Amino acid sequence: MELKTVNLNSIDAFNKLHGLPTYHPLVNVFDMKDATNEVNNVRLEYGIYAIFLKNGVNCSIRYGRKNYDYQEGTVVSFSPGQVIDVVNDKPASGNGSPIGLIFHPDLIYGTPLAEKIASFGFFDYSQMESLHLSSEERGIFLDCLGKIGQEIRHSVDHHSAPLLSANIQLLLEYLHRFYDRQFITRHKVNSDVVAQFEKDLKEVYSPNGTTDVMPSVAYFADRVNLSPGYFGELIKKETGTTAKEIITNHVISVAKHRLTVTNNDINEIAYGLGFEYPAHFTRLFKRVTGQSPTLFRRLMEQN
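Residues numbered from 1 in each chain as written. Predicted model: local features only at pLDDT ≥ 70, side-chain atom pairs only at ≥ 80, totals over all residues. Heavy atoms only, no water.

1. Notes on the sheet that holds strand E8 (residues 83-86)
The 3 strands are arranged E1-E3-E8 in an open sheet whose pairing can be described as mixed. Each having just a single partner strand, strand E1 (4-8) and E8 make up the two edges of the open sheet. The mean angle between the axes of side-by-side strands here comes to 25°, regardless of whether they run parallel or antiparallel. In terms of strand pairing, E1 meets strand E3 (residues 42-46) through 5 bridges, oriented parallel. From the neighbouring strand, lysine 4 faces E3, where its bridge partner is valine 42. The sheet strands contacting helix H1 (residues 11-18) are E1 and E3, and the helix crosses E1 at an angle near 135°. (Pairing = 2+ DSSP bridges. Helix = DSSP H or I, 4+ residues; strand = E, 2+ residues; numbered from the N terminus. Axes fitted to C-alpha atoms, helices over the stretch in contact; angles between N-to-C directions. Contact = heavy atoms within 4.5 Å.)

2. Topic: the pattern of salt bridges
Under the counting rule described, the total for this entry stands at 11 salt bridges. The partner of lysine 16 in a salt bridge is aspartate 12, with the nearest N and O atoms 3.1 Å apart. A residue pair is termed a helical-turn pair when its members lie 3 or 4 positions apart in one helix, as lysine 16 and aspartate 12 do in helix H1 at 4 residues. On the basis of relative accessible area, lysine 16 is assigned to the exposed category, the value being 59%. Aspartate 12 gets classed as partly exposed once you look at its relative accessible area, which sits at 30%. As a salt-bridge pair, lysine 237 and aspartate 180 come within 2.8 Å of each other at their nearest N and O atoms. With lysine 237 in helix H7 (residues 228-239) and aspartate 180 in helix H4 (residues 160-185), this pair connects stretches of sequence that are 57 residues apart. With a relative accessible area of 25%, aspartate 180 lands in the partly exposed category. (Salt bridge = Lys/Arg side-chain N within 4 Å of Asp/Glu carboxyl O. Buried < 20%, exposed > 50% of the residue type's maximum accessible area, 1.4 Å probe, protein only.)

3. Section: the environment of leucine 172
Residue placement: leucine 172 occurs in helix H4. The spatial distance from the C-alpha of leucine 172 to the C-alpha of phenylalanine 122 is 9.4 Å, given a sequence separation of 50 residues.

4. Digging into the pairing of strand E2 (residues 27-31)
In terms of residue burial, E2 counts as a mostly covered element, since 5 of its 5 residues are buried. Across the two faces of E2 the burial is the same, with Val27, Val29 and Asp31 and Asn28 and Phe30 all buried. By the bridge criterion, 5 bridges tie E2 to strand E9 (residues 99-103) in an arrangement that is antiparallel. Paired with valine 27 across the strands is phenylalanine 103, a residue of E9.

5. Side note on the layout of surface pockets
Rolling a probe over the atoms, with the probe sized like a water molecule, indicates the empty space that remains. Here the second largest pocket defines a volume of roughly 260 Å³. Taken together, Met214, Pro215, Ser216, Val217, Lys244, Ile247, Thr248, Gly274, Phe275, His280, Leu284 and Arg287 make up the lining of the second largest pocket. Of the residues belonging to the lining of the second largest pocket, the class tally is 6 nonpolar, 4 polar and 2 charged. (1 Å grid on protein atoms, 1.4 Å probe; cavity = no way out; pocket = protein on both sides within 12 Å on 5 of 7 lines; lining within 4 Å. Points joined across faces, edges and corners; volume = space filled by probe spheres on them. Nonpolar A, V, L, I, M, F, W, Y, C, P; charged D, E, K, R; others polar.)

So, in structure tokens, the structure goes:
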């Protein structure tokens, strides 16, 4: 089925799509039980930020390669540039309808939030990495939405933009905290992801193996069905080291081994590790070890 593409480049576009009222041109707090339009079989191209709380129970999600069922609200977040397909989505009603927040990037220009928005990595997580709120966390989420909603309906004055931005940042800070809590409570599942990452990394760089392209964080994230952002945050939380650093350290370790036990020239080793240009390998090796590959090999031969 070919999906109709809808560009959500403004708050008004989002509101008109769902049949919701517009109280402020740059921000809205919504409850989909008030929506008058059913949104179905569309491709949404987001030009705004959006945060949805899925109300109701029996929410089934996919995390990694496993399915988990939750009896609590889940939060999903979207940011400008993301494309979301909505297919066969039945409209919810009553207490089961999604509620949330949308805001345009223009709202936060010149505010402290503009400088910090990029640090809230959960906007890049996929729906299978949703945040699952406890009842207490849900209360905090709703309280933050309530304050933003009150400000939207307040007559506009010179306090409006700073207060809206500050309250949105407060909500995002809480979501950041809640995600940190979720990483901790999912330690067992996360440990399995780390173990799979280490296994996949070793397989790519088996003792005598070669690879045409040096695998990225995105490659290993895809292997466990996670988005690069969520995967990277998970690895950092579990190991204290970034996924990129782990990949780099392993590549250098393999390079040291091949420099020591083979007579292959530097270029051949670089290509075998997936470097497009040997000079890139030499720079990385020297940055990590403080020595060029040639000097390292010479010193090892002297030992």
